[in-house]
Amino acid sequence: MWLTSSSVGRKFIMALTGICLVLFVTFHCLMNSIAIVWPAAYNVICEFLGANWYALIASMGLALLFIIHIIYAVWLTVMNRKARGNDRYLINKTPKAVEWSSKNMLVLGIVILAFLVVHLIQFWAKMQLEEVLGHHGTVPAAAGTLFIQEAFKEIWTPIVYIIGFVALWFHMTHGFWSMFQSIGWDSTAWIPRWKKIGDWWTSIVVALFVAQAVVFFVQSQKDYYSTQPELQSQYIEMAVAPLNETLPMLNMPSDMQTVKMTMAQIAPQADMMLGMMKMQMPGVDIQAVGQQMLNIVNLVNYLDPTANLPVEALQRAADGQTQQPQMPQMMGQPQAQPQAQPQEAPQGEPKQVSPEQQAADDAPAQEPANPNDKQK
Ligand code: HEM
């Protein structure tokens, strides 16, 4: 097939995937810029781009683009080296006009790939992937600005990112005009124009990325994204929504103070309370309720470490170890006699006793046959 068998076809695939990746990077950069000016709106976008079917399809398409782009890049480089044979060692004789980046596209691509691996571990793996796997961390999957804070609190993050952005600048400025050349828009009039457009486009995108890294680093050092009240309510709302869905009658508000006070009452005896609920509401998944409450309490403790809400009882409930309450005790009735009661006769009904049984009962106490009867 022409697209795979000829060098022109392979370059065409590189160009096509390259154009799509440039568009993605541009869109991604503009989206991140929203986090600078309006962090709450950024979280709404993150929620929209979570584990919804359209976002998953887009992510898979994007992954495919990256994979094809990388495979073809390595393939083209190997084929070029083979074609040039020993000539590749005459690299010093390359005309000056051939830019540094054009000779180092593969190396630059590898640096960008290394940056991407770190970046995806910091964000995508904790956001979309966690949501797809149904895992629940302390930070809700759509709380983009909290993940930004977690990442940019580390001093090494902006350093690694800036290295990635520099590599991206060289890679994209060369790739931009080169891909138009590959698809045939390479008239002598247009190549200098593509170069100029590519330089401007890439410089604006990379400058915005650098600005984001600086702003996110500064704000994260001040814990801005975890202490700003509007953002706090947004995170709490994300954690409370699944609970309100499971137990609509609870109608838990998303106000931080109210949630903190409510949870301070529930959390210490949550396993007992949820055990009682399990008996009264057999249709409700109490273990899920326990997990959802635990997520809320963990988040409150994360956002406000002075809250110090206890998690042990909730952890037991989330593990399915709810306590079965002793009903008379719960209802304020006197404690049941520890003496073993006969099981056959339901409470309240007069006991039918045969004359033989009556005689046996009246006889002096003997060693019981059943060891359980020993219990006091
Ligand atoms: C300051 C700079 C950046 C920040 C703050 C940032 C932030 C994020 C966040 C929050 C996500 C997760 C979105 C989600 O899963 O809902 C993400 C995903 C991603 N980012 Fe970045 N990003 C930055 C720079 C870059 C750069 C320079 C590239 C590429 C060269 C890049 C490529 C990606 C890719 C491929 C994904 C996965 C997208 C998906 O599958 O949906 N990011 N980024």
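Read on for a plain summary of the structure. Predicted model, so just to flag it, every value in this text is computed and none were measured.

Let's shift gears to the overall build of the protein. Along its length, the protein carries 18 helices and 0 strands. Expressed as a percentage of its 376 residues, the buried residues of the protein come to 26%. Relative to all contacts within the protein whose residues are 6 or more apart in sequence, the contacts with residues 24 or more apart total 73%.

Attention shifts here to the site of the ligand. Taken together, 23 residues form the shell around the ligand, and within it Ser59, Phe123, Met127, Gln128 and Gln212 come nearest. Among the elements of the structure, α2 (7–37), α4 (53–84), α6 (105–122), α8 (144–152), α9 (156–182) and α10 (190–221) are those that each provide at least two residues to the shell around the ligand. Its residues assigned to classes, the shell around the ligand shows 15 nonpolar, 8 polar and no charged.

Here we come to α4. Here α4 contains 32 residues, and its C-alpha end-to-end distance of 46 Å stays within 8% of the 46 Å for a straight helix at 1.5 Å per residue. For α4, the tally of buried residues reaches only 1 of 32 residues, placing the bulk of the element at the surface.

Moving on, we get to α10. Along its 32 residues, α10 runs 46 Å from first to last C-alpha, staying within 8% of the 46 Å computed at 1.5 Å per residue. Looking only at α10, the buried set comprises Gly198, Thr202, Val205, Val206, Phe209, Gln212, Ala213, Phe216, Gln219 and Ser220. Of the surrounding elements, those touching the buried residues of α10 are α2, α8, α9 and α11 (224–227). After α10 finishes, the residue aspartate 223 shows a positive phi value of roughly 55°.

This part covers unusual backbone geometry. One non-glycine residue, aspartate 223, lies in positive phi territory at about 55°. Following the sequence through the fold, aspartate 223 ends up in the loop between α10 and α11. The phi dihedral of asparagine 308 falls on the positive side, at around 50°, and the residue is not glycine. Looking at where asparagine 308 falls in the secondary structure, it is placed in the loop between α15 (286–303) and α16 (312–318).

Looking now at the packing of α2 against α4. Here α2 crosses α4 at 140°, and the two axes come no closer than 9 Å. Crossing of α2 against α4: the hand is left-handed. Residue-level contacts link Ser7, Arg10, Lys11, Ile13, Met14, Thr17, Gly18, Cys20, Leu21 and Phe24 of α2 to Leu62, Leu65, Ile68, His69, Tyr72, Ala73, Trp75, Leu76 and Met79 of α4. Grouping the constituent residues of the contact of α2 with α4 by class yields 13 nonpolar, 4 polar and 2 charged.

Turning our attention to the packing of helix α12 (residues 229–246) against α15. Between α12 and α15, whose axes approach to 9 Å, the crossing angle comes to 170°. Classed by the angle they form, the pair α12 and α15 counts as roughly antiparallel. Residues Gln232, Tyr235, Ile236, Ala239, Val240, Pro242, Leu243 and Thr246 of α12 touch α15, and the partners they reach there are Ala288, Val289, Gln292, Met293, Asn295, Ile296, Leu299 and Leu303. The class makeup of the residues in the contact of α12 with α15 is 12 nonpolar, 4 polar and no charged.

Below, the discussion takes up the nonpolar core. Counting residues in hydrophobic clusters, the biggest one holds 61 residues, and the most contacted among them are Tyr235, Ala270, Ile296, Val297 and Leu314. Of all the elements, α9 adds the most residues to this core, at 11 residues. Residues in contact with isoleucine 296, not counting those within four places in the same chain, are Ala239, Val240, Leu243, Val259 and Met263.

Another point: the environment of alanine 267. The topology assignment puts alanine 267 in the loop between α13 (256–266) and α14 (270–280). Among the residues examined, alanine 267 registers 22 C-beta atoms within 10 Å and is labelled buried. In sequence terms alanine 267 and glutamine 315 are 48 residues apart; their C-alpha atoms lie 9.6 Å from each other. For alanine 267, the residues in contact, after removing those within four places along its chain, are Val297, Leu309, Pro310, Val311, Ala313 and Leu314.

Cut-off values and rules
- In this numbering scheme, every chain counts its residues from 1 along its sequence in written order.
- Under the rules for a predicted model, residues below a pLDDT of 70 receive no local features and side-chain atom pairs below 80 are neither given nor counted, while totals for whole chains, interfaces and linings still include all residues.
- Counting from the N terminus, the helices are the DSSP runs of H or I reaching at least four residues and the strands are the DSSP runs of E reaching at least two.
- The exposure label follows from counting other C-beta atoms within 10 Å of a residue's C-beta, where the C-beta atoms are placed from the backbone and the thresholds are 20 or more for buried and 12 or fewer for exposed, leaving partly exposed in between.
- We call two residues in contact whenever the C-beta atoms placed from their backbones are within 7 Å.
- Think of it this way: take the backbone, place a C-beta atom on it, and check whether that atom is within 6 Å of the molecule or strand, in which case the residue is near it.
- Think of it as three bins: nonpolar holds Ala, Val, Leu, Ile, Met, Phe, Trp, Tyr, Cys and Pro, charged holds Asp, Glu, Lys and Arg, and polar takes everything else, Gly as well.
- Helix span, as expected, comes to 1.5 Å for every residue beyond the first.
- The convention used is that axes are lines fitted to C-alpha atoms, helices contributing only their stretch in contact, and that angles between N-to-C directions extend from 0 to 180 degrees.
- Crossing handedness follows the turn of the near helix against the far one: under a right angle anticlockwise gives a left-handed crossing, and clockwise gives a right-handed one.
- Roughly parallel means an angle under 35 degrees; roughly antiparallel, over 145; roughly perpendicular, 65 to 115; everything else is oblique.
- As used throughout, a nonpolar core is a set of buried Ala, Val, Leu, Ile, Met, Phe, Trp, Tyr and Cys residues joined through C-beta atoms within 7 Å of each other.

Function-wise, these values are silent; they only describe arrangement.
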